[in-house]
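# Chain and residue survey
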Amino acid sequence: MTRFSLDVLKDDKAPATALLYLVLRKYGTECFDWQPEFLRDEIQQDFNVKLSDLQSDKLQAAITILQTDLFESQWEVFKTVCHLLNNTPDTFEDATALEAEEVASALAQYRLIVGPEGTPPFSDEVNAGVGVVLYNYGMSEPPSIFPTAMMPDHAVKADPTEKSQALSQLYDERTKDIIAYVQSIVKE
């Protein structure tokens, strides 16, 4: 596991799911109670690798998804975690807009992390935020991958089929890519 673990830990494109898998395999769920800096230091010492800020942040995003309902309940957390799950550095202070494609890609990883039965409902705040993102993408109705999105009242009605299919395809492809990546770790 060590050689491949180093490759994953050094790979800024590694999905948060893969980082979470390695950390759980090495430390178990007790590491969820550790301070982020302590976990980062442990990983760096145990694997003799310098963990990038992005890798550390992605790992914390995955832990946040598993340990709290902040991703589902607070728009700013949802937005930041979506950026991180898309390998984009982000902080709560950044005003970086969220794109519909980023939501689709992040949802793929989110659902793999929490499992099919573990997705709590999204708050009105998150549903409204995603609705604005989807509206800016050119949609007037929520796509199948996020049916609870609350579209703005002023959304001009348009056929959602093409854009919904594009987001679903992106979601499906990202899911397959993440599963393949994680399976490659398990085989090591």
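The text that follows walks through the structure, step by step, so that each part is easy to find. These numbers come from a predicted model, not from an experiment.

### Thoughts on the overall build of the protein chain
Helix and strand counts for the protein chain come out as 9 helices and 0 strands. When the elements of the protein chain are put in sequence order from the N terminus, they spell out α-α-α-α-α-α-α-α-α. Its C-alpha atoms give the protein chain a radius of gyration of 17 Å, within 12% of the compact-globule value 16 Å for 188 residues. A principal-axis box enclosing the C-alpha atoms of the protein chain has dimensions of 55 × 30 × 30 Å. The buried share of the protein chain, taken over its 188 residues, is 48%. The long-range share in the protein chain, meaning contacts at least 24 apart out of those at least 6 apart in sequence, stands at 57%. About 9600 Å² of surface is accessible on the protein chain, with carbon and sulfur atoms providing 51% of the total. Each charge sign in the protein chain was given a centre, from 15 positive and 31 negative side chains, and these centres are 8 Å apart.

### Some details on the environment of Tyr21
Examined against the element boundaries, Tyr21 turns out to sit in helix α2 (residues 16-27). Here Tyr21 falls in the partly exposed class, since its relative accessible area comes to 25%. Spatially, the C-alpha atoms of Tyr21 and Pro36 are 16 Å apart, while their sequence positions differ by 15 residues. The residues touching Tyr21, leaving out its near neighbours within four places in the chain, are Ile185 and Val186.

The rules behind the values
Residues numbered from 1 in each chain as written. Predicted model: local features only at pLDDT ≥ 70, side-chain atom pairs only at ≥ 80, totals over all residues. Heavy atoms only, no water. Helix = DSSP H or I, 4+ residues; strand = E, 2+ residues; numbered from the N terminus. Rg over C-alpha atoms; globule rule 2.2 N^0.38 Å. Buried < 20%, exposed > 50% of the residue type's maximum accessible area, 1.4 Å probe, protein only. Contact = heavy atoms within 4.5 Å. Areas by Shrake-Rupley, 256 points an atom, 1.4 Å probe, with all protein chains shown as cover. Lys, Arg positive; Asp, Glu negative; His and termini not counted. Charge placed at Lys NZ, Arg CZ, Asp CG, Glu CD.

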